[in-house]
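Descriptive analysis of the structure
Each chain, written out:
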Amino acid sequence: MIRGAFPCHGTRSEPRRTGGSRLNHVGADGRLIAFGVEGTGSYGVGLARFLRRHGTTVREVHRPPRRGERRMSGKSDTVDAEHTARQVLSGMTMAQPKTADGEIEALRLIKIARDTAVKSRTTAMITLKATLVTASDELRAELEHLTDFKLVAACAQLPSNTSLTDPEAAMRHVLGSLARRWFDLHEEVKIHSRHLKKQTRAIAPRLVEAVGIGLDIAAEMLITAGDNSTRIHSEAAFAKMCGACPIPAGSGKTNGRHRLNRGGNRQANAALYRVVIVRMRWHQPTIDYVTRRTAEGLSKREIIRCLKRYLAREIYHLLPPPDSAATRGEIALTSAA
């Protein structure tokens, strides 16, 4: 980003180069402030890493609003670059992207593999049951009364003929194929879960000990914070990142009401919701809080929003300190020596 007057006097495109030579021609016309990069957690992560390696400041920017600047100004690389420049220069874009180069990034990748395997396993079970509905009366009578695991085990043992021209033979072949697929995915989920549990306990042992916070939810909270948790300046900022901060919705006809926050990380928000639901059932301080706030006239939905905000504050103070990864690395090197 080259600092200058806010009016755009011109643009410059650079050809593809390799290595640090790409940055040699940047800043020749002014003082370099920062680079604004869109999508630093996905398709822009490679560029963000390259810029950080060369000691430059990287800021995450948002795409232009479709009903605002993009519709009025059009869509091109030049227009988007100017929009990015104006965001950084105006100070509107101050978000520091994740470094994605440590243990939590590895945890994120493991969780992606586990979540997709769990979803595929569920799809295999649903497809198997839906297919069984169209089977013959004899086969349905044999299998429909079984529990899920016994059903999959029985279907996996069904014989498969080489000739599948007969519908009954094809039905047994398909049921067996779906059942074996379910078992393969089940074993894959178990492997990913073991790695997830081991790394989550090593990174944040205090977090997994909190009431209602399992290893999957703890991993989601760590991924939300990222490897460079110093980018989150306060527990209020963490709550906003999770979509749990209150948004005022008061007017002359209402008294201090707040509405649902539809922003933030929705996976983290869903994780907070699951913890709150568990605590409302089993955690006595939470049960007492719900009783008191209900007597004050709050609805269940409003109480859950308040609890998610308190939970975000609690989780923020249970996150590992920023230097914990470096400390664990030093301990590992010492042990290896």
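Conventions adopted
Residues numbered from 1 in each chain as written. Predicted model: local features only at pLDDT ≥ 70, side-chain atom pairs only at ≥ 80, totals over all residues. Heavy atoms only, no water. Phe/Tyr/Trp six-rings, centres within 6.5 Å; stacked < 30°, edge-to-face > 60°. Helix = DSSP H or I, 4+ residues; strand = E, 2+ residues; numbered from the N terminus. Buried < 20%, exposed > 50% of the residue type's maximum accessible area, 1.4 Å probe, protein only. Lys NZ or Arg CZ within 6 Å of the ring centre and 35° of its normal. Lys, Arg positive; Asp, Glu negative; His and termini not counted. Salt bridge = Lys/Arg side-chain N within 4 Å of Asp/Glu carboxyl O. Contact = heavy atoms within 4.5 Å. Pairing = 2+ DSSP bridges. Right-handed = clockwise from strand over helix to strand, strands pointing away. Core = buried A, V, L, I, M, F, W, Y, C linked by side-chain atoms within 4.5 Å. pLDDT = per-residue confidence, 0-100. Axes fitted to C-alpha atoms, helices over the stretch in contact; angles between N-to-C directions. Parallel < 35°, antiparallel > 145°, perpendicular 65-115°, else oblique. Nonpolar A, V, L, I, M, F, W, Y, C, P; charged D, E, K, R; others polar.

So, the packing of aromatic side chains
For the coordinates displayed, the defined rule picks out 5 aromatic pairs. Relative to phenylalanine 183, the ring of phenylalanine 149 has its centre 5.7 Å away and its plane inclined at 85°; by these criteria the two rings are edge-to-face. Taken together, the residues span a long stretch of sequence, with phenylalanine 149 in helix H6 (residues 148–156) and phenylalanine 183 in helix H7 (residues 167–203) at a distance of 34 residues. By relative accessible area, phenylalanine 149 is classed as partly exposed at 48%. Under the relative-accessibility criterion, phenylalanine 183 is labelled partly exposed at 23%. An angle of 85° between the planes, with centres 5.4 Å apart, marks the rings of tryptophan 182 and phenylalanine 183 as edge-to-face. Judged by relative accessible area, tryptophan 182 falls into the buried class, the value being 11%. Three or more aromatic residues joined by ring pairs make a cluster, and in this case those are Phe149, Trp182 and Phe183. The ring centre of tryptophan 282 lies 4.3 Å from the NZ or CZ of arginine 281, which sits over that ring.

Remarks on the side chain of arginine 121
Within the secondary structure, arginine 121 sits in helix H4 (residues 103–132). Comment: no salt bridge for buried arginine 121; closest opposite-charge side chain is glutamate 187, at 8.8 Å. When residues no more than four places from it in sequence are discounted, the contact partners of arginine 121 are Trp182, Leu185, His186 and Val189.

Quick notes on the pattern of salt bridges
Two side chains bearing opposite charge may form a pair once their charged atoms approach each other closely. If you walk through the whole model with that rule in mind, you get 16 salt bridges. The shortest N-O distance in the salt bridge between arginine 309 and glutamate 235 comes to 2.8 Å. Of this pair, arginine 309 sits in helix H13 (residues 300–318) while glutamate 235 sits in helix H10 (residues 235–241), placing them 74 residues apart in sequence. Both residues of the pair, arginine 309 and glutamate 235, belong to the buried class.

Overview of the pairing of strand S1 (residues 35–38)
Residues Phe35 and Val37 line the buried face of S1, whereas the alternating positions Gly36 and Glu38 sit on a face that is not buried. Bridge count between S1 and strand S2 (residues 58–61): 4 bridges; the pairing is parallel. Across the sheet, glutamate 38 pairs through a bridge with valine 61, a residue of S2. Regarding topology, helix H1 (residues 45–53) serves as the crossover connection from S1 to the parallel S2, and that connection is right-handed.

A short note on the nonpolar core
The biggest cluster of nonpolar side chains holds 40 residues, and the ones touching the most others in it are Leu207, Ile213, Met221, Leu222, Phe238, Leu272 and Ile315. When contributions to this core are tallied by element, the ones reaching two or more residues are H4, H7, helix H8 (205–208), helix H9 (215–225), H10, helix H11 (266–282), helix H12 (284–295) and H13. Those residues in contact with isoleucine 213, other than ones at most four positions away along the chain, are Leu207, Val208, Ala218, Val275, Arg279 and Ile315. Membership of the second largest hydrophobic core comes to 17 residues, among which are Ala135, Leu139, Leu175 and Ala179.

Describing the confidence of the model for the chain
On average, residues of the chain score 82 in pLDDT, and 80% of them reach the 70 mark or higher. The lowest-confidence element of the chain is helix H14 (residues 324–336), averaging 46 in pLDDT; the highest-confidence one is H12, averaging 95. Overall, residues 1–6 carries pLDDT values under 50, and its contacts beyond four positions in sequence, including any with other chains, amount to 21 contacts. In the predicted structure, residues 329–337 sits below a pLDDT of 50 and forms 0 contacts with residues beyond four places in sequence or in another chain.

Re H9
Side chains that are three or four residues apart share a direction in an α-helix, a result of its 3.6 residues per turn. Of all 11 residues making up H9, 10 are buried, and the element is well covered by its neighbours. Packed against the buried residues of H9 are H4, H7, H8, H10, H11 and H13. In the segment just after H9, glycine 226 is the residue with positive phi, at about 85°.

Quick notes on the environment of lysine 190
Turning to its location among the elements, lysine 190 is positioned in helix H7. A residue is classified by how much of its surface remains accessible, and lysine 190, at 37% relative accessible area, is partly exposed. Separated by 72 residues in sequence, lysine 190 and valine 118 place their C-alpha atoms 9.8 Å apart.

Focus on the packing of H11 against H13
Running from N to C, H11 and H13 point in directions that differ by 110°, and their axes come no closer than 9 Å. When the axes of H11 and H13 are compared, the pair comes out roughly perpendicular. In this structure, H11 contributes Asn269, Leu272, Tyr273, Val275, Val276, Ile277, Arg279 and Met280 to the contact, and H13 contributes Lys300, Ile304, Leu307, Lys308, Leu311, Ala312, Glu314 and Ile315. Among the residues making up the contact of H11 with H13, the classes are represented as 11 nonpolar, 1 polar and 4 charged.

Comments concerning the environment of threonine 84
Position of threonine 84 among the secondary structure elements: in helix H3 (residues 77–90). Here threonine 84 falls in the buried class, since its relative accessible area comes to 13%. In the structure, threonine 84 is positioned 25 residues away from arginine 59 in sequence and 9.8 Å away in space, judged by C-alpha atoms.

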